[in-house]
Amino acid sequence: MKCPFCSCADTQVVDSRVSEEGDTIRRRRRCTACDRRFTTYERVDLMMPAVVKRNGTRADFDPSKLHASMALALRKRPVSALALDAAVVRIQEKLLTSGKREVPSDHIGELVMAELRQLDQVAYVRFASVYRSFEDIREFVHTIDEFKGHDHGPR
């Protein structure tokens, strides 16, 4: 680690501590050249796959966009913020463990629909109506009939 004061590349770790959350390591370091001390933080840097949109453009995966779109579908529905956050985390984990460097936005949409199907049927239909660009009432009825075909029990 290069010293931020004198740019010497020779530094020593004096103390290391794991953060309370357990996701970072704080290291106190000492420069062997100027004897000044400084702190560095070490954390895991996971690379989410890039999103390939329908028009072929690529964008960085943004979990806040995912959260916002799901929150919009769940607006005024009896689903806790904790359940929404957990669903977003599950989707991110699926994307990370896929090992792919790029994923089509359609795949992310299907993952969102699968999570919403488990969380709330109304939110699922709301999201599906926008995601699949429903043109008329028949498409709503068809989506609702899909639920009738699957025994999900009361929600």
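Before going further, it helps to examine the packing of helix 2 (residues 81-97) against helix 3 (residues 105-119). At their nearest, the axes of helix 2 and helix 3 sit 10 Å apart, and the two run at 145° to each other. Two packed elements cross with a definite hand, and for helix 2 against helix 3 that hand is right-handed. Residues Ala83, Ala87, Arg90, Ile91, Lys94 and Leu95 of helix 2 form the contact with helix 3, whose own contacting residues are His107, Ile108, Leu111, Val112, Glu115 and Leu119. Of the residues in the contact of helix 2 with helix 3, the class split is 8 nonpolar, 1 polar and 3 charged.

Interaxial distance between helix 3 and helix 4 (residues 121-131) falls to 8 Å at its minimum, and their mutual angle equals 160°. Relative to helix 4, helix 3 is oriented roughly antiparallel. Handedness of the crossing formed by helix 3 with helix 4: left-handed. Touching Asp106, Gly109, Glu110, Val112, Met113, Leu116 and Arg117 of helix 3 are Gln121, Ala123, Tyr124, Phe127, Ala128 and Tyr131, all from helix 4. Split by residue class, the contact of helix 3 with helix 4 holds 8 nonpolar, 2 polar and 3 charged.

With that out of the way, let us pick up unusual backbone geometry. With a phi angle near 70°, Ser7 is a residue other than glycine that sits in the positive phi range. Examined against the element boundaries, Ser7 turns out to sit in the segment before strand 1 (11-18). You will see that Asp35, though not glycine, has its phi angle at about 65°, which is positive. Examined against the element boundaries, Asp35 turns out to sit in the loop between strand 2 (24-31) and strand 3 (37-43).

For the rest of this paragraph, the subject is the sheet that holds strand 6 (residues 102-104). Taken together, 3 strands build an open sheet; the order of strands is 5-4-6 and the sheet is mixed. Strand pairing shows two members of the sheet lacking a second neighbour, strand 5 (58-59) and strand 6, which therefore form its edges. Here helix 3 sits on the sheet and contacts strand 4 (50-52) and strand 6; the angle it forms with strand 6, its principal contact strand, is near 70°.

What follows deals with helix 2. For helix 2, which comprises 17 residues, the first-to-last C-alpha distance of 24 Å matches the rise-based estimate of 24 Å (1.5 Å per residue) to within 8%. Along helix 2, the residues classified as buried are Leu84, Ala87, Val88, Ile91 and Leu95. Down the axis, helix 2 shows its buried residues gathered within 95° of arc, on one side only. The outward face of helix 2, more than 90 degrees from its buried face, is lined by the exposed residues Leu82 and Thr97.

Cut-offs applied
Each chain carries its own residue numbering, running from 1 in the written order of its sequence. For a predicted model such as this one, the threshold for reporting local features is a pLDDT of at least 70, and the threshold for listing and counting side-chain atom pairs is 80 or more; totals across whole chains, interfaces and linings nevertheless cover every residue. Each side-chain value is derived from all of the structure's non-hydrogen atoms; neither hydrogens nor water enter the calculation. Inter-axis angles, ranging from 0 to 180 degrees, are taken between N-to-C directions of lines fitted to C-alpha atoms, where helices are fitted over the stretch in contact. Strands here mean DSSP runs of E at least two residues long; helices mean DSSP runs of H or I at least four residues long; both are numbered from the N terminus. Crossing handedness is read from the near helix: turned anticlockwise from the far helix by less than a right angle, it gives a left-handed crossing, and turned clockwise, a right-handed one. Any two residues whose heavy atoms approach within 4.5 Å at even a single point are treated as in contact. The nonpolar class holds Ala, Val, Leu, Ile, Met, Phe, Trp, Tyr, Cys and Pro. Asp, Glu, Lys and Arg form the charged class, and all remaining residues, Gly among them, are polar. What sets the label is the angle itself: under 35 degrees gives roughly parallel, over 145 gives roughly antiparallel, 65 to 115 gives roughly perpendicular, and the rest give oblique. For two strands to be treated as a pair, DSSP must find at least two bridges joining them. By this rule, a helix spans an expected 1.5 Å times one less than how many residues it contains. For the exposure calls, accessible area comes from a 1.4 Å probe over protein chains only, and a residue counts as buried if that area is under 20% of its type's maximum, exposed if over 50%, partly exposed in between. The directions from the helix axis to the C-beta atoms are what the arc is built from.

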